[in-house]
Amino acid sequence: MDIPATLIQVLRGARRVAALTGAGVSAESGVPTFRDAQTGLWARYDPHELATPEAFQRNPRLVWEWYAWRREKVAGVEPNPGHYALAEMERRFPEFTLITQNVDGLHRRAGSRRVLELHGDITRSKCFVCGSSAEAWTEKGEIPPRCPACGGRLRPGVVWFGEMLPERLLAAAMDAAARCEVFFSIGTSSLVYPAAALPEVALRAGATVVEVNPSETPLTPHATYSLRGLAGVVLPALLASFRPETARSGAGAAPD
Ligand code: BJW
Ligand code: ZN
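Scope of this entry: the structure provided in the associated data block. All values reported here derive from a predicted model rather than from experimental measurement. (Residues numbered from 1 in each chain as written. Chains lettered and ligands numbered in written order. Predicted model: local features only at pLDDT ≥ 70, side-chain atom pairs only at ≥ 80, totals over all residues. Heavy atoms only, no water.)

**Some thoughts on the packing of aromatic side chains**
So, point 1. Across all of its chains, the model carries six aromatic pairs by this definition.
So, point 2. Measuring from centroid to centroid gives 4.9 Å for Phe-56 and Phe-128, while their planes differ by 45°, and the two rings are tilted. Linking Phe-56 in helix α5 (residues 53-58) with Phe-128 in the loop between β4 (120-127) and β5 (133-134), this pair joins segments that are 72 residues apart in sequence.
So, point 3. Residue classification places Phe-128 among the partly exposed positions, given a relative accessible area of 27%.
So, point 4. Here Trp-66 and Tyr-67 contribute two aromatic rings whose centre-to-centre distance is 4.9 Å and whose plane-to-plane angle is 75°, an arrangement assigned as edge-to-face. (Phe/Tyr/Trp six-rings, centres within 6.5 Å; stacked < 30°, edge-to-face > 60°. Helix = DSSP H or I, 4+ residues; strand = E, 2+ residues; numbered from the N terminus. Buried < 20%, exposed > 50% of the residue type's maximum accessible area, 1.4 Å probe, protein only.)

**Some remarks on the sheet that holds strand β8 (residues 208-212)**
Strands in a sheet are paired, the pairing made by backbone hydrogen bonds, and the direction either parallel or antiparallel.
So, point 1. As summarised here, the arrangement of the six strands in space is β3-β2-β1-β7-β8-β9, forming an open sheet in which the pairing is parallel. Looking along the sheet, the strands with just one partner apiece sit at the ends: β3 (115-117) and β9 (225-227). The sheet shows a mean angle of 15° between the axes of neighbouring strands, taken without regard to direction.
So, point 2. Bridge analysis of strand β1 (residues 16-21) against strand β7 (residues 182-186) gives five bridges, and the strand direction is parallel. Considered in β7, the bridge of Thr-21 is made with Ile-186. (Pairing = 2+ DSSP bridges. Axes fitted to C-alpha atoms, helices over the stretch in contact; angles between N-to-C directions.)

**Quick notes on unusual backbone geometry**
So, point 1. Note the cis peptide between Ile-143 and Pro-144, where omega equals -5°.
So, point 2. Note that Pro-144 resides in the loop between β5 and β6 (154-158).
So, point 3. A cis geometry characterises the amide bond from Tyr-193 onward to Pro-194, with omega recorded as 5°.
So, point 4. Take Pro-194: it is sitting in the loop between β7 and α10 (198-204).

**Quick notes on the environment of Pro-145**
So, point 1. Considering the arrangement of structural elements, one finds Pro-145 in the loop between β5 and β6.
So, point 2. Through-space distance from the C-alpha of Pro-145 to that of Arg-61 is 9.6 Å; in sequence the pair is 84 residues apart.
So, point 3. Not counting residues within four places of it along the chain, the set of residues in contact with Pro-145 comprises Trp-64, Trp-137, Gly-152, Arg-153 and Leu-154. (Contact = heavy atoms within 4.5 Å.)

**With respect to the coordination of the zinc ion (ligand 2)**
So, point 1. Here the zinc ion (ligand 2) is held by the protein donor atoms Cys-127 (SG), Cys-130 (SG), Cys-147 (SG) and Cys-150 (SG), which lie 2.2 to 2.4 Å from it.
So, point 2. Here the zinc ion (ligand 2) binds four donor atoms, and the angle range of 100 to 115° at the metal identifies the geometry as tetrahedral.
So, point 3. Residue class for Cys-127 comes out buried when judged on its relative accessible area of 2%.
So, point 4. Overall, Cys-130 belongs to the partly exposed group, its relative accessible area being 41%. (Donors = N, O, S within 2.8 Å, 3.2 Å for Na, K, Ca; no water. Tetrahedral: all angles 85-135°; square planar, octahedral: opposite > 155°, others 65-115°.)

**Thoughts on the side chain of Glu-211**
So, point 1. Looking at the element boundaries, Glu-211 is found in strand β8.
So, point 2. As a buried residue without a salt bridge, Glu-211 has its nearest oppositely charged side chain in Arg-228, at a separation of 5.4 Å.
So, point 3. Among the polar contacts made by the side chain of Glu-211, one reaches the side chain of Thr-217 at a distance of 2.6 Å.
So, point 4. A polar contact of 2.7 Å, which involves the side chain of Glu-211, links it to the side chain of Thr-220.
So, point 5. Filtering out sequence-adjacent residues up to four positions away, Glu-211 remains in contact with Ser-185, Ser-190, Thr-217, Leu-219, Thr-220, Ala-223, Tyr-225, Ser-226 and Leu-227. (Lys, Arg positive; Asp, Glu negative; His and termini not counted. Salt bridge = Lys/Arg side-chain N within 4 Å of Asp/Glu carboxyl O. Polar contact = N/O pair within 3.5 Å; in protein donor to acceptor, adjacent residues only side chain to side chain.)

**Observations regarding the sheet that holds β4**
So, point 1. Ordered by their spatial adjacency, three strands build an open sheet running β5-β4-β6, and the pairing between neighbours is antiparallel. The sheet is open, and its two borders are formed by β5 and β6, each paired with just one other strand.
So, point 2. Note: β4 against β5, two bridges, orientation antiparallel. Within β5, the position partnered with Lys-126 by the bridge is Ser-133.
So, point 3. Here helix α6 (residues 60-75) sits on the sheet and contacts β4 and β6; the angle it forms with β4, its principal contact strand, is near 145°.

**Observations concerning the nonpolar core**
So, point 1. Membership of the largest hydrophobic core comes to 28 residues, with the highest contact counts inside it found for Leu-86, Phe-184, Ile-186, Leu-235 and Leu-238.
So, point 2. Counting residues per element, this core draws most heavily on helix α11 (residues 231-241), which supplies five residues.
So, point 3. If we ignore the near neighbours within four places in the chain, the residues touching Leu-86 are Ala-19, Thr-21, Val-25, Phe-96, Leu-98, His-107, Ser-112, Ile-186 and Leu-235.
So, point 4. Ranked by size, the runner-up nonpolar core spans 22 residues in total, among them Leu-20, Ala-177, Leu-198 and Val-201. (Core = buried A, V, L, I, M, F, W, Y, C linked by side-chain atoms within 4.5 Å.)

Below is the structure:
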């Protein structure tokens with residue numbers, strides 16, 4: 001993968017960098033994406049029947065079981081070179097913000113220490129009624145299980161269509177997008193808002209916006225660079241192509 005020389009130059013001098021990831025970054029780990037043909041989860045299931053509060057109210061058992069199946073799938077996969085390259089970027093740039101729409105926890109498992117998980121975490125559960133998070137509950141065979149605090153039904157700890165994103169996380173992501181010099185949009189179809197607004201914010205603030213995706217998205221015509229390829233190939237190549245002028249020292253620092 002050839003990285004444009006002008007981009008390498010920008011990366012060498014960059015101090016504030018932000019990256020937004022989507023389902024595509026986990027595709028090479030074997031986690032199906034949402035909208036890709038054939039392997040996309042939602043090619044087989046209608047997302048609107050599964051990932052909304054209304055769907056949960058209509059058929060809580062179906063939705064709970066779908067998430068249980070996905071949770072199991074995620075537990076059986078490993079981070080890929082794309083996740084590891086992003087964990088390395090956190091060590092290389094003085095200010096690096098990783099923002100993900102993914103709920104699979106693979107960035108944390110790859111060693112990224114600060115991750116803004118905008119759409120939640122599939123391994124967590126919370127109460128549909130009182131909102132309290134539930135780590136443990138008494139198994140009574142009921143699906144979904146009941147909230148230990150109020151007896152309401154438990155639901156996955158993710159953000160569904162029509163729900164607000166965690167305010168503090170979204171504010172931090174917007175701030176990083178507005179302040180960064182380089183913004184990466186990796187493995188996302190750039191269709192779901194408000195996450196899809198983040199590269200728009202970065203562009204308006206004058207950042208260099210780099211898209212990494214094998215396919216075109218609504219962001220492609222606006223991106224400063226569009227690197228067509230798999231995240232697990234492009235991101236390690238990017239990392240190998242530059243050395244920031246202001247690399248951090250200390251444990252885990254990049255070797256020279
Ligand atoms: C590779 C690759 C490889 C493949 N390497 N790449 C403005 C206009 C219109 C509508 C709205 C609007 N603002 C808000 C809305 C409504 C809605 C929305 O955006 N709808 C759009 C569809 C139009 N947004 C919301 O409801 C959000 N809430 C909100 O806005 O609250 C305020 C509000 C409330 C009420 C009314 C109005 C406003 C919440 C959004 C929550 C999204 N939740 C989900 C489910 C999470 C839980 C779960 O996992 O089940 O999040 S939906 C789903 O989409 C999931 C994803 O995180 C998200 C994004 O998908 P992503 O990651 O981009 O995946 P794909 O599959 O779409 O794309 C994969 C890409 O990877 C492709 O491009 C491939 O080419 C690429 N790829 N292999 C690199 N190896
Ligand atoms: Zn409750």
